[in-house]
Amino acid sequence: MTLDLVRLAAIDVHVHAEVSCHDPEDPVMAQFFDATSAYFKAPRERPKMPEIAQIYREQNIAFCLFTVDCESGVGAKRVSNYEVAEFAAANADVCIPFASIDPRKGKMGAREARDLIENHGVRGFKFHAIMQGCHPADRVGYPIYEVIAEYGLPAIFHTGHSGMGTGLRGGGGLRLKYGRPMLVDDVAVDFPDMKIILAHPSWPWVDESLSMALHKENVFIDLSGWSPKYFPPQIVRYANGQLKHKVMFGSDFPLIRPDKWIEAAKGIGFEDEVMPGIMKDNAARVLGLAG
């Protein structure tokens with residue numbers, strides 16, 4: 001099984017593997033899952049990877065799948081990157097493996113990143129500075145970025161508000177300041193060969209993401225985590241204009257289903273000529289699947 005770009009209707013660049021197929025749900029993560037499900041008004045039960053693949057295969061959509069390694073930040077055991085990569089290899093017609101490595105793992109994290117790329121087919125990485133409790137440009141994570149840049153792979157950085165911790169006492173100990181897009185600007189400068197995807201519309205710092213994507217050749221935006229019907233108007237305006245090659249479809253599944261996102265995107269003002277890029281073509285280029 002291989003990815004058939006011509007056949008695919010879309011590529012979803014933002015899908016979470018939140019529970020392992022082998023290990024029980026981590027009790028530390030359970031409180032965050034509860035809060036996030038309430039915030040998104042989404043089902044509490046997290047689907048396992050085979051169910052995710054079935055949903056996307058039925059809709060003819062490929063997806064980038066990743067966990068979030070926040071072992072240092074919140075003390076939660078991560079879903080193994082190797083489990084994600086193994087699953088993706090067995091479902092390569094729809095699943096594109098990404099990995100997540102806590103930046104505080106430094107050089108050991110860099111060793112893992114290299115092994116995942118060279119021996120397990122990983123095609124990108126996910127960082128969530130709020131959950132990881134680490135400034136995106138903290139030098140502790142630079143050895144990991146160096147490996148990603150060496151292979152010219154993309155890295156997704158969570159930006160903006162986070163459903164994780166919303167409503168919990170003290171926000172569950174999470175600091176929203178680490179979600180400010182401009183904190184990633186130093187990374188974009190220091191690693192020009194690493195494609196950076198700023199995840200979500202970045203509220204309340206929407207304009208910072210738009211500015212960075214305009215300014216930096218290696219910075220892109222995914223539109224996950226919000227129903228399109230709630231997008232700030234400047235998102236649609238720039239997607240139709242200067243950033244039409246820089247914005248990409250992402251759902252944030254399982255919190256938002258891809259079909260619900262696609263349906264909501266109709267009629268909000270995206271021009272017909274830019275939709276193929278948003279839904280598939282821009283992601284294909286960023287992921288190295290197309291020229």
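Note that the structure is a prediction, hence the values are computed from the model and not measured. (Residues numbered from 1 in each chain as written. Predicted model: local features only at pLDDT ≥ 70, side-chain atom pairs only at ≥ 80, totals over all residues. Heavy atoms only, no water.)

**Description of the pattern of salt bridges**
In step 1: According to the stated counting rule, one finds twelve salt bridges in the structure shown.
In step 2: Between Arg114 and Glu118 there is a salt bridge, with the nearest N and O atoms lying 3.7 Å from each other. With Arg114 and Glu118 both in helix 5 (residues 106-120) and four residues apart, the pair spans about one turn of that helix.
In step 3: Judged by its relative accessible area of 28%, Arg114 falls in the partly exposed class.
In step 4: The network of salt bridges with common partners includes Asp69, Glu71, Arg78, Lys105 and Glu112. (Salt bridge = Lys/Arg side-chain N within 4 Å of Asp/Glu carboxyl O. Helix = DSSP H or I, 4+ residues; strand = E, 2+ residues; numbered from the N terminus. Buried < 20%, exposed > 50% of the residue type's maximum accessible area, 1.4 Å probe, protein only.)

**Comments concerning the packing of aromatic side chains**
In step 1: Under the defined criterion, the tally for this structure stands at twelve aromatic pairs.
In step 2: Aromatic side chains Trp203 and Trp226 sit 6.4 Å apart centroid to centroid with 55 degrees between the ring planes, which places their arrangement in the tilted category. Taken together, the residues Trp203 in the loop between strand 6 (195-199) and helix 9 (206-215) and Trp226 in the loop between strand 7 (219-222) and helix 10 (233-239) connect sequence positions 23 residues apart.
In step 3: Judged by relative accessible area, which is 43%, Trp203 ranks as partly exposed.
In step 4: Its relative accessible area of 23% is what places Trp226 among the partly exposed residues.
In step 5: Taking 4.7 Å as the distance between ring centres and 45 degrees as the angle between the ring planes, the aromatic pair formed by Phe249 and Trp261 counts as tilted. With Phe249 in the loop between strand 8 (247-248) and helix 11 (258-265) and Trp261 in helix 11, this residue pair connects regions lying twelve residues apart in the sequence. (Phe/Tyr/Trp six-rings, centres within 6.5 Å; stacked < 30°, edge-to-face > 60°.)

**Considerations on the pairing of strand 1 (residues 10-16)**
In step 1: Buried residues dominate strand 1, accounting for seven of its seven residues.
In step 2: Here five bridges tie strand 1 to strand 2 (residues 61-66), and the two strands are oriented parallel to one another. Within the sheet, the bridge partner assigned to His16 lies in strand 2 and is Phe66. (Pairing = 2+ DSSP bridges.)

**Here's the deal with the pairing of strand 6**
In step 1: The buried count for strand 6 comes to four of five residues, which makes it a mostly enclosed element.
In step 2: Pairing of strand 5 (residues 154-158) with strand 6, which is carried by five bridges, proceeds in the parallel orientation. Paired with Phe157 across the strands is Leu198, a residue of strand 6.
In step 3: Chirality of the crossover, the property in question, places the unit of strand 5, helix 8 (residues 185-190) and strand 6 among those that are right-handed. (Right-handed = clockwise from strand over helix to strand, strands pointing away.)

**Overview of unusual backbone geometry**
In step 1: Cis geometry marks the peptide bond from Trp203 to Pro204; its omega dihedral reads 10 degrees.
In step 2: Its location among the elements puts Pro204 in the loop between strand 6 and helix 9.
In step 3: Residue Pro254 follows Phe253 across a cis peptide bond; omega there is 15 degrees.
In step 4: You can see Pro254 is positioned in the loop between strand 8 and helix 11.
In step 5: Unlike most non-glycine residues, His200 shows phi in positive territory, near 80 degrees.
In step 6: Here His200 is to be found in the loop between strand 6 and helix 9.
In step 7: Notably, Asp252 is not glycine yet its phi reads approximately 80 degrees, a positive angle.
In step 8: Among the structural elements, Asp252 can be located in the loop between strand 8 and helix 11.
In step 9: On the basis of relative accessibility, which here comes to 7%, the residue Asp252 falls in the buried class.

**Notes on the nonpolar core**
In step 1: In this structure, Leu65, Phe125, Val187, Met194 and Ile278 are the most contacted members of the largest nonpolar core, which totals 66 residues.
In step 2: It is helix 7 (residues 142-150) that provides the largest number of residues to this core, a total of six residues.
In step 3: When residues no more than four places from it in sequence are discounted, the contact partners of Leu65 are Val15, His16, Ala17, Met49, Ile52, Val84, Phe87, Cys95, Ile96, Pro97 and Phe98.
In step 4: Listed in part, the 17 residues of the second largest apolar core include Val13, Cys64, Phe66 and Ala284. (Core = buried A, V, L, I, M, F, W, Y, C linked by side-chain atoms within 4.5 Å. Contact = heavy atoms within 4.5 Å.)

**Considering helix 9**
In step 1: Residues of helix 9 that are buried include every one of Val206, Glu208, Ser209, Leu210, Met212 and Ala213, and no others.
In step 2: Here the buried face of helix 9 lies against helix 8, strand 6, strand 7 and helix 10.

**Description of the environment of Met275**
In step 1: Relative to the helices and strands, Met275 is located in helix 12 (residues 275-286).
In step 2: Considered as a pair, Met275 and Ala199 are 76 residues apart in the sequence and their alpha carbons are 18 Å apart.

**Here's the deal with the side chain of Gln234**
In step 1: With respect to the helices, strands and loops of the structure, Gln234 is situated in helix 10.
In step 2: A relative accessible area of 16% places Gln234 in the buried class.
In step 3: Residues within four places of Gln234 in sequence aside, it is in contact with Val206, Asp207 and Leu210.

**Describing the sheet that holds strand 4 (residues 124-127)**
In step 1: The strand order across the open sheet formed by eight strands is 1-2-3-4-5-6-7-8, and the pairing between neighbours is parallel. Here the strands that pair on one side only, and so sit at the sheet edges, are strand 1 and strand 8.
In step 2: Bridging between strand 4 and strand 5 involves three bridges; their strand directions are parallel. Counterpart to Phe125 in the pairing with strand 5 is Ala155.
In step 3: Together, strand 2 and strand 3 (95-99) form the strand contacts of helix 4 (residues 81-90), whose direction differs from that of strand 3 by roughly 165 degrees.
In step 4: Helix 7 contacts strand 4 and strand 5 of the sheet and is inclined by roughly 150 degrees relative to strand 4. (Axes fitted to C-alpha atoms, helices over the stretch in contact; angles between N-to-C directions.)

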